[in-house]
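Summary of structural features
The residues making up each chain are set out below.
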Amino acid sequence: MGARPHGSTKMKILVKACLLVFASETSDAATVVAEHILPPTSTSWFNAGAGMGTDGKVYDNRQAQIFTTTSSGYLNSISFNSYRLNPTNADLRVSVTSIIGGQPRTVLESIIVTSIAISSKSLSSAFLLGGNFSNTISATGNLLLQANTQYAIVFSTSSIEANYRLYGDYSAYSGGSNLSFQNSGPFRTNGGNLLFRVSATPIPEPGSLMMCILSASFLITTRKRSRTMKGAAEAT
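In what follows, the accompanying structure is described. (Residues numbered from 1 in each chain as written. Predicted model: local features only at pLDDT ≥ 70, side-chain atom pairs only at ≥ 80, totals over all residues. Heavy atoms only, no water.)

Quick notes on the environment of Ala50
Our working rule: In this description a helix means any DSSP run of H or I spanning at least four residues, a strand means any run of E spanning at least two, and both kinds are numbered starting from the N terminus. Each residue is placed in one exposure class: buried if its accessible area under a 1.4 Å probe, protein chains only, is under 20% of its type's maximum, exposed if it is over 50%, and partly exposed if it falls in between. Residue contacts follow a heavy-atom distance rule, with two residues in contact if any of their heavy atoms lie within 4.5 Å.
Within the secondary structure, Ala50 is located in strand E2 (residues 46–54). A relative accessible area of 2% places Ala50 in the buried class. Not counting chain neighbours up to four residues away, the residues in contact with Ala50 comprise Asn61, Arg62, Gln63, Phe155, Ala162, Asn163, Tyr164 and Leu166.

Okay, structure coming up:
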């Protein structure tokens, strides 16, 4: 029969188990926390312009989509449907912002999408009706989205020339709406919704990890008491 693990060995095993639990819970795949896709029975949709362009004067057009998260998590990716009209050479900026008074406000994270990453060809009906997305961009993973909270995805550019077309439709989405902005603003509702998907990495559940920590603390306390009692008995 093999030797029973020593107290310090038990502690090391328990600590490793706690670390494995934490690692497994933090490596969960991203989940969808908000989305609006084209219903497969749709017969119509639209595309709206975003970007700075010139037509006698400079225009600053922006598109925004307000969304509501279904659960908390760290922003992982944003998917959308878009194409660009020529001559578009300015990169697209995709930002996630807070919402105050129905308006996009503080920029929480911005992601730059190069113009060549977006096709110059419009998307087919079959592609849109299939619930697909032409572009999926990765986030830093540092932005914590709170559950049941409204945010906005804002599409814009910092320079000319740009005309990005964002697809949307007028089917129901209870979590928000599509807004448009030109020059001095403010954002105004269009009555529809852009097609989008927001994914987030779930926050690790504290339950299992806390149990490990409590077990480790109990084992440490027990070992200290055992040593104290042993020392006292030897002293007498």
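Some remarks on unusual backbone geometry
For residues that are not glycine, phi is negative in most cases, and the peptide bond is trans in most cases. Here the amide bond leading from Ile160 into Glu161 is cis, since omega sits at 5 degrees, within 30 degrees of zero. Mapped onto the secondary structure, Glu161 falls in the loop between strand E10 (150–156) and strand E11 (164–169). Note that the residue after Gly185, namely Pro186, is joined by a cis bond; omega there is 0 degrees. Residue position: Pro186 is located in the loop between strand E12 (178–182) and strand E13 (188–189). Non-glycine residue Asn148 carries a positive phi angle of around 55 degrees. Within the fold, Asn148 resides in the loop between strand E9 (144–145) and E10. For Asn148, a relative accessible area of 63% corresponds to the exposed category. Located in the positive-phi region is Asn183, a residue other than glycine, with phi close to 55 degrees. Note on placement: Asn183 falls in the loop between E12 and E13.

Describing the layout of surface pockets
Rules: A pocket, in this scheme, is an open set of points on a 1 Å grid over the protein atoms alone with protein on both sides within 12 Å along at least 5 of 7 lines, while a cavity is a set where a 1.4 Å probe fits but cannot get out; residues line either one if an atom lies within 4 Å of a point. Grid points are joined across faces, edges and corners, and a volume is the space filled by probe spheres set on the points. Any residue that is not Ala, Val, Leu, Ile, Met, Phe, Trp, Tyr, Cys, Pro, Asp, Glu, Lys or Arg is counted as polar, Gly included; the first ten are nonpolar and the last four charged.
There is about 210 Å³ of room inside the largest pocket. Listed by contribution, the elements that provide at least two residues to the lining of the largest pocket are E2 and strand E3 (58–68). Taken together, the residues of the lining of the largest pocket break down into six nonpolar, eight polar and three charged.

As for the pattern of salt bridges
Convention followed: The rule for a salt bridge is simple: a side-chain nitrogen of Lys or Arg has to be within 4 Å of a carboxyl oxygen of Asp or Glu.
Throughout the structure, instances matching the rule amount to two salt bridges. Residue Glu35 is joined to Arg197 by a salt bridge in which the shortest nitrogen-to-oxygen separation is 2.7 Å. One end of the pair, Glu35, is in strand E1 (residues 31–36); the other, Arg197, is in strand E15 (residues 196–201), and 162 residues separate them in sequence. Overall, the relative accessible area of 31% leaves Glu35 in the partly exposed class. Asp60 serves as the salt-bridge partner of Arg62, at 2.8 Å between the closest nitrogen and oxygen. Under the relative-accessibility criterion, Arg62 is labelled partly exposed at 25%.

Considering the pairing of strand E4 (residues 73–80)
To keep it simple, the criterion reads: Only strands that DSSP links by at least two bridges are regarded as paired with each other.
Among the eight residues in E4, six count as buried, and that is most of the element. Here E4 pairs with E9 via two bridges, running antiparallel. Looking at the pairing, Tyr74 lines up with Leu144 of E9. Alignment of E4 against E15, held across six bridges, turns out to be antiparallel. Its bridge partner being in E15, Ile78 is matched across the sheet by Val198. Pairing between E4 and strand E8 (residues 135–138): four bridges, direction antiparallel. Bridging across to E8, Phe80 finds its partner in Asn135.

Digging into the pairing of strand E7 (residues 103–113)
Where strand E6 (residues 92–100) meets E7, eight bridges bridge the pair, whose relative direction is antiparallel. In the strand pairing of E7, Ile99 is matched with Pro104. Counted along the chain from E6 to the antiparallel partner E7, the turn is two residues long, and its residue Gly101 has a positive phi close to 60 degrees.

The analysis is restricted to geometry; functional conclusions fall outside its scope.
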